[in-house]
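# Residue-level structure breakdown
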Amino acid sequence: MNIILLGAPGAGKGTQAERISEKWSIPQISTGNIIRDALKSGSDIGEKTKYYMDNGLLVPDEIVIEIIRVRLAQSDCAGGYILDGFPRTIAQAEALDAMGIEIDHVIDLEVEDEVIIKRLSGRRVCSECGATYHIVNKKPVVEGVCDKCGGTLVQRKDDTVETINERLKVYHAQTEPLIAYYEAKGLIRRIPDKGSVEANVKAVFEALGADV
Ligand code: AMP
């Protein structure tokens, strides 16, 4: 099963992708995580993408399309995958089509901008394993420490209010048109935010034809 998760930054794509990944035993492919790992390791891709990421801008299509092409060719993708954060432009969606990839479901997580701003500005991530927390809604057991691996929790550089506003602008201008793109293919399932992770998981699983 090949699934795309659409939605604004902070709509909960990462959280839903993790849950789908566990339930269907298919990998979560997050271009954001791949790019952040590249930045940490100081690789060539990291250097080319740092400016865009730090400023809440989209990395040029040709770079992310190549990242995805390489990742989807790996053996763990043979039985399906969840694309979390890709495609983000019409050109990226067309590149997936051109690769001959068949998408089974496109889930659109619909969340108001004001809710997104509150969520992202309170988000903290583990600097070691990438697990996400929230200073109000999803606190770790020990403040500032990851429950899963003991790593230090930090604020992503692009989760400051100024950059969040830029990312939302970019989302509306460049990514939102994908809803119509996949609607025309009859693939879109819209999931209005239910206000809690568990309620959203239930709605997403139902859209994919399974119980929680
Ligand atoms: P995310 O973790 O999905 O919010 O992505 C963080 C940042 O990585 C974005 O703001 C972009 O700079 C970059 N990025 C991730 N995925 C893509 C994509 N599909 N196209 C362009 N840039 C991307």
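Scope of this entry: the structure provided in the associated data block. (Residues numbered from 1 in each chain as written. Predicted model: local features only at pLDDT ≥ 70, side-chain atom pairs only at ≥ 80, totals over all residues. Heavy atoms only, no water.)

### Remarks on the site of the ligand
This is how it is decided: Summary of the distance rule: residues count as near a molecule or strand when at least one heavy atom falls within 4 Å of that molecule or strand. Residues adjacent in sequence count toward polar contacts only when both atoms are side-chain atoms; beyond that, a polar contact is any pair of N or O atoms within 3.5 Å, and within protein one must be able to donate a hydrogen and the other to accept it. For the area figures, the Shrake-Rupley method with a 1.4 Å probe applies, and any residue is considered shielded solely by the protein chains shown. Here a helix means four or more residues in a row that DSSP labels H or I, a strand means two or more in a row labelled E, and each is numbered from the N terminus. Note on residue categories: nonpolar means Ala, Val, Leu, Ile, Met, Phe, Trp, Tyr, Cys or Pro, charged means Asp, Glu, Lys or Arg, and polar means any other residue, Gly included.
Inspection of the region around the ligand gives 17 residues, with T31, R36, L57, G85 and Q92 positioned closest. At 2.7 Å, a side-chain N or O of T31 approaches a nitrogen atom of the ligand. Against a free-state accessible area of 480 Å², the protein chains account for coverage of 96% of the ligand. Contributing elements (two or more residues each) for the shell around the ligand: α2 (31-40) and α3 (44-54). No other element matches the four residues that α2 contributes to the shell around the ligand. Of the residues that constitute the shell around the ligand, the class distribution is eight nonpolar, four polar and five charged.

### Quick word on a nonpolar patch on the surface
Our working rule: For patches, a residue must show more than 30% relative accessible area and have no salt bridge; joins then use 9 Å for like charges and 5 Å for nonpolar side chains, namely Val, Leu, Ile, Met, Phe, Trp and Tyr. For salt bridges, the criterion is a side-chain nitrogen of Lys or Arg within 4 Å of an Asp or Glu carboxyl oxygen.
A cluster of nonpolar side chains, contributed by V141, V142 and V145, occupies part of the molecular surface with about 270 Å² of accessible area. Checked against the element boundaries, V142 lands in the loop between β6 (132-134) and β7 (153-154).

### Some points on the sheet that holds strand β5 (residues 123-126)
Each strand in a sheet pairs with its neighbour through backbone hydrogen bonds, running either in the same direction (parallel) or in the opposite one (antiparallel). Just so we agree on the cut-off: When DSSP locates at least two bridges between a pair of strands, those strands are taken to pair. Residues count as neighbours in contact if any of their non-hydrogen atoms are within 4.5 Å of one another. Orientation is described by lines fitted to C-alpha atoms, with helices fitted over the stretch in contact, and by angles between N-to-C directions that extend from 0 to 180 degrees.
Judged by pairing direction, the sheet is antiparallel, and its three strands sit side by side in the order β6-β5-β7 without closing on themselves. The open sheet terminates on both sides in strands that have one partner only, identified here as β6 and β7. Both β5 and β6 contribute to a ladder of three bridges, which runs antiparallel. Across the sheet, the residue bridging to R123 is H134, located in β6. Across the face of the sheet, helix α6 (residues 113-121) comes into contact with β5 and β6 while running at roughly 40° to β5.

### What about the packing of α2 against α3?
Basically, it comes down to this: Left-handed describes a crossing whose near helix is turned anticlockwise from the far helix through less than a right angle; right-handed describes the clockwise counterpart.
The N-to-C vectors of α2 and α3 enclose an angle of 115°; their axes lie 8 Å apart at closest approach. For the element pair α2 and α3, the recorded crossing hand is left-handed. Facing G32, I35, R36, A38 and L39 of α2, the residues of α3 in contact are I45, G46, T49, K50 and M53. Residues belonging to the contact of α2 with α3 are distributed by class as follows: five nonpolar, three polar and two charged.

### Observations concerning the sheet that holds strand β2 (residues 28-30)
Strands sit in the order β2-β3-β1-β4-β8 across an open sheet of five strands; the sheet is parallel. The outermost strands of the open sheet, each flanked by one partner alone, are β2 and β8 (188-192). Direction aside, the axes of adjacent strands within the sheet are offset by 20° on average. One ladder, built from five bridges, connects strand β4 (residues 105-110) with β8; its direction is parallel. Residue pairing in the sheet places L109 in a bridge with I191 of β8. Relative to strand β1 (residues 2-7), helix α1 (residues 13-24) is tilted by about 160°, and along the sheet it contacts β1, β2, β3 (81-84) and β4. Taken strand by strand, α2 contacts β2 and β3, and its axis lies near 60° from that of β2.

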